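# Observations on the three-dimensional arrangement
Each chain, written out:
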Amino acid sequence: MADWSGLHQDLVICIAKQIVFLKDFHAFGAVCKPWRSAATKDNFTGPSPLLMVSGWDESSTEANIRKLVHLKGRPEIYMNYKKQRCCYYSSLGWLMSISEDFKVSLLNPFDHHARIKLPDINMLKASVGEVKLPRFLHYDRMISKFVLSSCPFSSSDWIVVVSYEMVIGNGWGFCRLGDDKWTHVSWYLLMDLAYYNGQLYAVDIEGNILICDIQDLEQPKTSILLSKGIPMEPIYGGSRQRIYIVESAGVLLVVLHTFAKSSSIKTIKLRVFEVPFDKTEEWEWSNLEVKNLGNKTLFLGCKNSSYSIEASEYYFGCKPNCIYFTIEWLDWVLLNSLPEINVDDVNMEYEKAELLLNGNASVFIFNMEDEKVEQLLAPTDLGLGEGETLWLQPQPPSL
């Protein structure tokens, strides 16, 4: 049997720095005493935020193919789950899956034994009485956002909150561990949800900031936090807007993401605002616009909770003062008729735009300093054909 303790310490440290996941790093440190001495926080470079691409392999018996893509420099990871079509959402590094038969589970993508069953997504009750759902529902078109109040590994009183879009209306609801149904709270068309200082906040399609109060789980309610909604961009033919809400550096931010087409110019524009909590006098959103994120990086996506990390050596490959975001292919269909794209005065080749029409999302970086947009990944880079693309939030090490 090989004596692994005899490896040169420089080589052991080099191996340690190539390990991506914390679970593997703990196993590395358990091999022998010299390896344990190398299993320090300084030598754990850790994962970058991961982009999960899911798809369906029609030619294989393995249905739900999921690929985890690092931002840069590390190999891709393939994972297969049950042989059934599912859609996925992410929050705090966990996945929520919804299958064709409306079964819902919380999954940890790095621990296949970590699976928590939740109520079927078509089992919905109101605070008083039942919610009558339409007869025909499609499993992958019910939920628009999912957020966890806390990590299931670190707490037992976590809550799952979802916003949904149905024929009968748009709203939000929640469930707790042990519930047999989802609790419907109110009818609002929410664009994003975020926990901040222990309180759930949301932003609706009109730019209003909402408090989603579930402190009293028996009487949850929704109320508008501020008298003014964020300043929306004018919407015209070929334009689309998304709004995200995210905590960063101890403050709550709202990001307005606009795709616009006007005459011969196509643009992508992102504006960031700080949500005011202590404004007693007259105030305007224009005075709360954030122009610099410092060493922070934001990650926005349609299928994941928005989040912020500190761009450092630990989070491998992240650029500070930037916003990473995904664009769904339908958004690009609206912007694809002209031979050139102007992204805040930055030209992008038309061929690159065409790559975005293959059915998958594409990934971009918005630099807050110069307001330029860089394409990080195209659908041809991601593979798996039609599918979903979402960010997985890395969890800090506990060594």
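Whatever comes next refers back to the structure up there.
Residues numbered from 1 in each chain as written. Predicted model: local features only at pLDDT ≥ 70, side-chain atom pairs only at ≥ 80, totals over all residues. Heavy atoms only, no water.

## Some points on the overall build of the protein
Rules: By definition, any uninterrupted DSSP run of H or I lasting at least four residues is a helix, any uninterrupted run of E lasting at least two residues is a strand, and each is numbered from the N terminus. Throughout, a contact is declared for two residues whenever any of their heavy atoms are within 4.5 Å. Note that accessible areas follow from Shrake-Rupley with a 1.4 Å probe, and for residues the cover is restricted to the protein chains shown.
Scanning the protein from N- to C-terminus turns up six helices and 28 strands. A sequence separation of at least 24 residues applies to 55% of the contacts in the protein between residues at least 6 apart. Roughly 18,800 Å² of accessible area belongs to the protein as shown, and the carbon and sulfur atoms make up 50% of that amount.

## Remarks on the nonpolar core
We apply this condition: The term nonpolar core refers to a set of buried residues drawn from Ala, Val, Leu, Ile, Met, Phe, Trp, Tyr and Cys, joined through side-chain atoms within 4.5 Å. Note on exposure labels: buried denotes an accessible area under 20% of the residue type's maximum, exposed denotes more than 50%, and partly exposed covers the range between, all computed with a 1.4 Å probe on protein chains only.
Residues Met-96, Ile-98, Leu-106, Leu-118, Ile-143, Val-160 and Trp-182 are the most contacted members of the largest nonpolar core, which totals 25 residues. Counting residues per element, the ones that place at least two in this core are β4 (86–91), β5 (94–99), β6 (104–108), β7 (111–118), β9 (143–148) and β10 (159–166). Each residue touching Ile-143, except ones within four places of it in the same chain, is listed here: Tyr-89, Met-96, Ile-98, Ile-121, Val-162, Ser-163 and Tyr-164. Among the nonpolar cores identified, the runner-up in size contains 20 residues, and Val-255, Phe-259, Leu-300 and Phe-325 belong to it.

## Looking at the packing of aromatic side chains
The line we're drawing: Side-chain rings of Phe, Tyr and Trp (the six-membered ring for Trp) are treated as a pair once their centres are within 6.5 Å; stacked means planes under 30 degrees apart, edge-to-face means over 60, and tilted covers the remaining angles. Distance and angle both matter: a charge sits over a ring if NZ of Lys or CZ of Arg is within 6 Å of the ring centre and within 35 degrees of the ring normal.
Summed over all chains, the structure comprises 13 aromatic pairs. Aromatic pair Trp-94 and Phe-153: ring centres 5.0 Å apart, planes at 65°, arrangement edge-to-face. Of this pair, Trp-94 sits in strand β5 while Phe-153 is found in the loop between β9 and β10, placing the two residues 59 residues apart along the sequence. With relative accessibility at 2%, the residue Trp-94 sits in the buried group. Seen in terms of ring centroids, Tyr-196 and Phe-277 are 5.6 Å apart; in terms of plane orientation they differ by 25°. Their pairing is stacked. Separated by 81 residues along the polypeptide, Tyr-196 in strand β13 (residues 190–196) and Phe-277 in the loop between β19 (265–274) and β20 (289–290) bring together distant segments of the chain. You can call Phe-277 partly exposed: its relative accessible area is 38%. Cluster of aromatic residues (ring-pair linked, three or more members): Phe-299, Tyr-307, Tyr-324 and Trp-391. Over the ring of Trp-283 we find Lys-228; its NZ or CZ atom is 5.0 Å from the centre of that ring.

## A word on unusual backbone geometry
A positive phi is found at Phe-102, a non-glycine position, where the angle reads about 70°. Here Phe-102 shows up in the loop between β5 and β6. For Phe-102, a relative accessible area of 16% corresponds to the buried category. Located in the positive-phi region is Asn-197, a residue other than glycine, with phi close to 50°. Relative to the helices and strands, Asn-197 is located in the loop between β13 and β14 (199–204).

## Some details on the sheet that holds strand β23 (residues 322–327)
Definition in use: One requirement defines pairing of two strands: DSSP has to find at least two bridges between them. All axes are obtained by fitting lines to C-alpha atoms, using only the stretch in contact for helices, and the reported angles, taken between N-to-C directions, cover 0 to 180 degrees.
Taken together, five strands build an open sheet; the order of strands is β22-β21-β23-β26-β27 and the sheet is mixed. Because the sheet does not close on itself, it has two edges, and the strands there are β22 (307–310) and β27 (373–377). The sheet shows a mean angle of 25° between the axes of neighbouring strands, taken without regard to direction. Of the pairings in the sheet, the one linking β23 to strand β26 (residues 362–367) comprises six bridges and is antiparallel in character. Bridge pairing in β26 links Ile-323 to Phe-366.

## Considering the pattern of salt bridges
Test applied: Any carboxyl oxygen of Asp or Glu that lies within 4 Å of a side-chain nitrogen of Lys or Arg is treated as forming a salt bridge with it.
In total, this model carries eight salt bridges according to the counting rule given. One salt bridge in this structure joins Lys-103 and Asp-120, with 3.3 Å as the shortest N-O distance. On the criterion of sequence distance, the pair formed by Lys-103 in the loop between β5 and β6 and Asp-120 in the loop between β7 and β8 (124–126) is long-range, its members being 17 residues apart. Given the relative accessible area of 40%, Lys-103 is considered partly exposed. Between Asp-179 and Arg-176 there is a salt bridge whose closest N-O contact spans 3.5 Å.

## What about the sheet that holds β13?
Spatial ordering of the open sheet is given by β13-β14-β15-β16, a layout of four strands whose pairing is antiparallel. The open sheet has two free edges, formed respectively by β13 and β16 (221–224), since each of these has just one partner strand. Each adjacent strand pair in this sheet contributes to an overall mean axis angle of 30°, direction not counted. Two strands pair when backbone bridges link them, and β13 and β14 are joined in this way by six bridges, in the antiparallel orientation. Note on β14: the bridge partner recorded for Leu-193 is Ala-202.

## Examining the environment of Cys-14
Within the element layout of this structure, Cys-14 appears in helix α1 (residues 9–16). By relative accessible area, Cys-14 is classed as partly exposed at 42%. C-alpha separation for the pair Cys-14 and Asn-43, spaced 29 residues apart in sequence, amounts to 8.4 Å.

## Section: the side chain of Gln-241
Selection rule: N or O atoms within 3.5 Å of each other form a polar contact, as long as, within protein, one can give a hydrogen and the other can take it, and as long as residues adjacent in sequence are counted only when both atoms are side-chain atoms.
Mapped onto the elements, Gln-241 comes out in strand β17 (residues 240–248). A polar contact of 3.3 Å, which involves the side chain of Gln-241, links it to the side chain of Thr-258.

## Considering the pairing of β13
By the criterion of burial, β13 is predominantly enclosed, with five of the seven residues buried. What sits between β13 and β14 in their antiparallel hairpin is a turn of two residues, with Asn-197 showing a positive phi close to 50°.

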